[in-house]
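# Commentary on secondary and tertiary structure
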Amino acid sequence: MTAEDPPPPLPKLAVIAREAGVSVATVSKALNGRADVSAQTRRLVAEVLERRGYPRQRLKPARGSMVDVMLQGLESPYALAILGGVEDAAWRLGVDLVVSAVVGRTKNGQPPPAWLDRLGARDSAGILLVRTSPTATQRAWLSDHGIPAVIVDPRRKPPPGLPVVAAANLDGARAATEHLIELGHERIAIVTGRPGVPCAVERLTGYRQAMTAAGLPVDPRWEVCGYFQRDNALTATRTLLADLPEPPTAVFACSDSMAVGVYEALGEHGHRVPGDVSVVGFDDSWAAGHVTPALTTVRQPWPELGAAALTALLSGDPPARTELPTTLVTRSSTAPPAT
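Under the counting rule described, the total for this entry stands at 2 aromatic pairs. Taking 6.5 Å as the distance between ring centres and 40° as the angle between the ring planes, the aromatic pair formed by F252 and F282 counts as tilted. In this pair, F252 is assigned in strand β8 (residues 250-253) and F282 in the loop between β9 (278-280) and β10 (297-299), connecting sequence segments 30 residues apart. Comparing F252 with F282 shows no difference in burial state: the two are buried. One Lys or Arg, R203, reaches over the ring of F282 and ends 3.9 Å from the middle of that ring.

Packed helices, taken two at a time, are described by their axes: the angle between them and the distance between them. In the contact formed by helix α5 (residues 114-122) and helix α6 (residues 136-144), the axes pass within 11 Å of each other and the chain directions differ by 10°. Classified by the angle between their axes, α5 and α6 sit roughly parallel to one another. Considering only the axes of α5 and α6, their crossing is right-handed. Listed contacts from α6 to W115, L116, L119 and G120 of α5 are Q138, W141 and L142.

This part is about the pattern of salt bridges. Applying the stated rule across the entire model yields 15 salt bridges. Between E223 and R208 there is a salt bridge, and its shortest N-O distance comes to 2.8 Å. Taken together, the positions of E223 in strand β7 (residues 223-225) and R208 in helix α8 (residues 198-213) put the pair 15 residues apart, joining distant regions of the chain. With its nearest N and O atoms 3.2 Å apart, the salt bridge here joins D276 to R272. For R272, a relative accessible area of 53% translates into the label exposed. Several salt bridges converge on common partners, so that one network encompasses R131, D153 and R155.

Turning our attention to the sheet that holds β7. The strand order across the open sheet built from 4 strands is β7-β6-β8-β9, with neighbouring strands paired in parallel fashion. Looking at which strands have only one partner, the edges of the open sheet turn out to be β7 and β9. Shown here is a sheet whose adjacent strand axes are inclined to one another by a mean of 20°, direction ignored. Packing of helix α9 (residues 230-243) onto the sheet brings it into contact with β6 (188-192) and β7, and relative to β7 it is tilted by some 150°.

Reading guide: rules and limits
Residues numbered from 1 in each chain as written. Predicted model: local features only at pLDDT ≥ 70, side-chain atom pairs only at ≥ 80, totals over all residues. Heavy atoms only, no water. Phe/Tyr/Trp six-rings, centres within 6.5 Å; stacked < 30°, edge-to-face > 60°. Helix = DSSP H or I, 4+ residues; strand = E, 2+ residues; numbered from the N terminus. Buried < 20%, exposed > 50% of the residue type's maximum accessible area, 1.4 Å probe, protein only. Lys NZ or Arg CZ within 6 Å of the ring centre and 35° of its normal. Axes fitted to C-alpha atoms, helices over the stretch in contact; angles between N-to-C directions. Parallel < 35°, antiparallel > 145°, perpendicular 65-115°, else oblique. Left-handed = near helix turned anticlockwise from the far one by under 90°. Contact = heavy atoms within 4.5 Å. Salt bridge = Lys/Arg side-chain N within 4 Å of Asp/Glu carboxyl O. Pairing = 2+ DSSP bridges.

This is the structure:
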């Protein structure tokens, strides 16, 4: 059967029940998304349907079911903003939430092993992983128990097979760089995020694409790493200003926190923002509107990411990747280059 062929007729409930080893009434409940059917039973029914020619068949979690949310710590305002969007969507969709956090130092910020025991005891209808990813063992456990998962704003390369909801980082970075180019800047430096983090890679790619499209050179000397930290960005910008034969007229910092470090380094060298050097950030955090001058930046749709992730999870068949658009917010930190 090809992707274009219609699925075969739905097997009779008695046939599904016999092959799944459950009652006809239980099959009916599973097909209709009743919350009183366990995740394991739902998986058995889904496997029967799959064997009978329904490769995309998924049983939707019912309204009123329970969804788990795993956060990578509670200190990130971005993760909490995503959680706020999840909460709003949960209220609209009629689902309950159980929120957990990765506390302390676990390997790569991954959920601790004991989390699976608690998840299984709750018979959760699904899991949202906010800025964290499960280990291979945890992914296998989720699959074996028929518990769907969606990763929101991944901090590292997502594992295969798990749907992802993220902001359009590449497009946002390209828009930020194009804004500087349209103002007339040619010597545009970038302070990148932590190497290997998906959003950092995408933002660097967006910067390079915009520079190349404008016929401007992409020079490694104009790319320094700030690891998404203010102090590291301060150090990186100091190095940039010391090593370049002539200073940049603009800097794209791949996060607002790094833009604050860029401001400090420029001030140490006697450069005014934006009189001497324009600066663009990324995130539209609280700091963006409270530094002086107010920071031009790329707004991320944090609450919308959470809402979209929960909606995708409850759809029963979420797309492999969902990207939400970012928005360039122009403030006082950018201007045409000094003549």
